[in-house]
Amino acid sequence: MTEQQTRICILGGGFGGLYTALRLSQLPWEKSQEPEIVLVDQNDHFLFLPLLYELLTNELQAWEISPAFEDLLKDTNVRFCQGIINEIDIDDKQVKLENNTSIPYDYLVLAMGSETPLDLVAGVKDYAIPFRTIADAYRLEEQLRRLETSNQDKIRVAIVGGGYSGVELACKLADRLGTKARIRIIEQSEEILKTSPEFNREAAQNALSDRQVWIDLETTVAAIEENNISLEYRGQIDQIPVDIVLWTVGTKVSPVVRSLPLKQNQRGQLVTTSTLQVIDHPEIFALGDLADCKDADGQTIPTTAQAAFQQADYTGWNLWALLTQRPLLLFRYTGLGEMMTLGTDNATLTGLGIQLEGQFAHLARRLIYLYRFPTLDHQIRVAVNWITRPLQDLLISMDQKIGTRK
Ligand SMILES: Cc1cc2nc3c(=O)[nH]c(=O)nc-3n(C[C@H](O)[C@H](O)[C@H](O)COP(=O)(O)OP(=O)(O)OC[C@H]3O[C@@H](n4cnc5c(N)ncnc54)[C@H](O)[C@@H]3O)c2cc1C
Ligand SMILES: NC(=O)c1ccc[n+]([C@@H]2O[C@H](COP(=O)([O-])OP(=O)(O)OC[C@H]3O[C@@H](n4cnc5c(N)ncnc54)[C@H](OP(=O)(O)O)[C@@H]3O)[C@@H](O)[C@H]2O)c1
Ligand SMILES: C/C(=C\Cc1cc(O)c2ccccc2c1O)CCC[C@H](C)CCC[C@H](C)CCCC(C)C
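Predicted, not measured: the structure shown is a model, and the values here were computed from it. Numbering of residues starts from 1 in every chain and runs along the sequence as written. Whichever chain is written first is A, and whichever ligand is written first is 1; the rest continue in order. Local features are withheld for residues below a pLDDT of 70 in this predicted model, meaning they are given only at 70 or higher, and side-chain atom pairs are given and counted only at 80 or more; totals for whole chains, interfaces and linings count all residues. The basis for every side-chain value is the complete set of heavy atoms in the structure, and neither hydrogens nor water enter the calculation.

Q: Give a description of unusual backbone geometry that names residues and reports values.
A: Most peptide bonds take the trans form, and the phi angle of most residues other than glycine is negative. Located in the positive-phi region is K93, a residue other than glycine, with phi close to 55 degrees. Segments assigned H or I by DSSP are reported as helices when at least four residues long, segments assigned E as strands when at least two residues long, and all are numbered from the N terminus. With respect to the helices, strands and loops of the structure, K93 is situated in the loop between β4 (85–89) and β5 (94–97). For D280, which is not a glycine, the phi torsion comes out positive at approximately 70 degrees.

Q: If you had to explain the UniProt feature "domain: FAD/NAD(P)-binding" (unreviewed entry) in the protein chain to someone new, which residues and values would you point to?
A: Taking the UniProt record as the reference, the feature "domain: FAD/NAD(P)-binding" (unreviewed entry) is found at residues 7–312. As a span, residues 7–312 carries 25% helix and 28% strand, and end to end its C-alpha atoms are 18 Å apart. UniProt positions are given in the numbering used here, feature names are shortened, and annotations may be inferred rather than shown by experiment.

Q: Please provide a residue-by-residue account of the pairing of strand β2 (residues 36–41), values included.
A: The two faces of the sheet receive side chains in turn, since in a regular strand these alternate between them. For each residue, the accessible area found with a 1.4 Å probe, counting protein chains only, is set against the maximum for its type, and the residue is called buried under 20%, exposed over 50%, and partly exposed in between. Summarising burial for β2: five of the six residues are buried, a large majority. With five bridges joining them, strand β1 (residues 7–11) and β2 adopt parallel strand pairing. Looking at β2, one finds that L11 is bridged to V40. Considered for its hand, the β-α-β crossover made up of β1, helix α1 (residues 17–26) and β2 is right-handed. Relative to strand β3 (residues 78–82), β2 runs parallel, the two being bridged by five bridges. Across the sheet, L39 pairs through a bridge with F80, a residue of β3. What makes two strands pair is DSSP finding at least two bridges between them. The handedness of a crossover follows from its direction of travel: if, with the strands pointing away from the viewer, the path from the first strand over the helix to the second runs clockwise, the crossover is right-handed.

Q: Would you mind going over the sheet that holds strand β6 (residues 102–104) in detail, with residue names and values included?
A: The sheet built from three strands is open, its strands ordered β4-β5-β6 with antiparallel pairing. Of all strands in the sheet, those with a lone pairing partner are β4 and β6, marking the two edges. Strand-to-strand, the axes of this sheet are offset by a mean angle of 20 degrees, without reference to chain direction. Two strands pair when backbone bridges link them, and β5 and β6 are joined in this way by three bridges, in the antiparallel orientation. Opposite V95, over in β6, you have I103 as the bridge partner. What counts as an axis is a line fitted to C-alpha atoms, over the stretch in contact for a helix, and the angles between N-to-C directions run from 0 to 180 degrees.

Right, here's the structure in full:
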């Protein structure tokens, strides 16, 4: 009688899930122990979120930052299954998808990330745009094109949230729209980028001021209506006319995860051990934004791609160790620093004692992210495109000039 192959089911193909799947597929499995690996995601593509802003300025193309899972996994033993995860039955060990398919599992990896809460203030759902998915970027692009081709004097953009996303978006939009725009950031606390190193915060403040972005501090949004935003500053409410409102405030765990009968913190994140296993369920691993993890040194792990990427390495290894009866490793997080894009040819980088800003930081950030892309094949395709793109652009513009002369 042949034994059934052990199945590892990975839910979510982002920084936590996809990189765990890739790591698992690289480990040295003995034929008899090799598991079946299934990766489930609602989309057919991975999204390299730190480079999402670059779509707005046409610096990068969608295929570069959101390669299809089928392509990324083609040389591996990972099977991709596209579907929306609706329910997870941890007693029956089954994952239920929206299309009524059930996937039984032996080991489970929870890596569905987080969502932007749209219910904190009235009107956000109807009149503001979040910035977390390719669809969000396209929705914004559509609005920008409509306003750019109108004969309106100024395009008024309000960005709610002076965290990383808000600041990076403001700089990119300022570079795209130039003097046609009036951009403001609305931040409830006393300063922007509260958790950033001083060097990055200063570089960001300079970039925003060079681009004439207004910053409203100690200001909260009371309500958003069509073409109007109500701001509260020291108890006084002001109504401001706007064309676009961007909502870059907060993160929350999805309802599917919140409904699980597993230990959670106040924010609904799943509490894990330092081996990245869920409490009382050694067969379930959790990582990335949905996990509340303290590493071997007791550090609380931030909700960043940098952290999910490092956790994926350990999750892959620990699953292999579990299946091959080896000891598991305690996760150790190495905070390497942080990078921010601050416009089309400007960035800031602080890490490992190095501080860089300007064009060199912009180039370093691009190269570091290229190196972080999921597969060598994709890295090569993107690198070739970056090298040849100036020539492609030149040929297209010559072609257009000839076309208009005819
Ligand atoms: C605009 C932006 C820029 C950022 N820039 C940086 C940066 O520069 N550096 C940094 O370190 N961090 C950055 N972050 C944070 C970083 O992207 C997240 O911390 C990281 O993506 C978390 O990884 P994850 O695997 O937990 O989730 P994700 O990478 O978000 O992946 C979750 C996956 O699960 C899938 N999924 C979710 N729910 C379901 C469901 N019900 N059914 C099926 N599939 C589902 C999603 O489609 C997605 O593919 C940025 C975030 C944003 C929004
Ligand atoms: N370059 C990078 O490294 C990068 C880029 C993007 C995202 N990320 C990561 O992704 C996560 C999310 O980042 P984010 O920048 O999207 O969000 P964020 O860090 O949560 O920042 C949102 C900001 O909005 C403020 N805010 C909350 N409610 C508000 C309101 N009603 N009105 C006005 N301001 C309000 C918050 O203030 P309070 O803090 O007071 O609530 C906070 O300063 C973080 O973990 C971050 O590290 C990293
Ligand atoms: C700050 C650095 C890394 C942290 C980091 C940040 C992210 O936003 C990520 C997103 C997704 C996955 C991973 C990460 C992530 O790890 C980089 C630190 C770099 C050092 C300070 C060294 C810089 C050296 C050179 C000046 C740059 C040369 C570039 C090289 C040619 C690739």
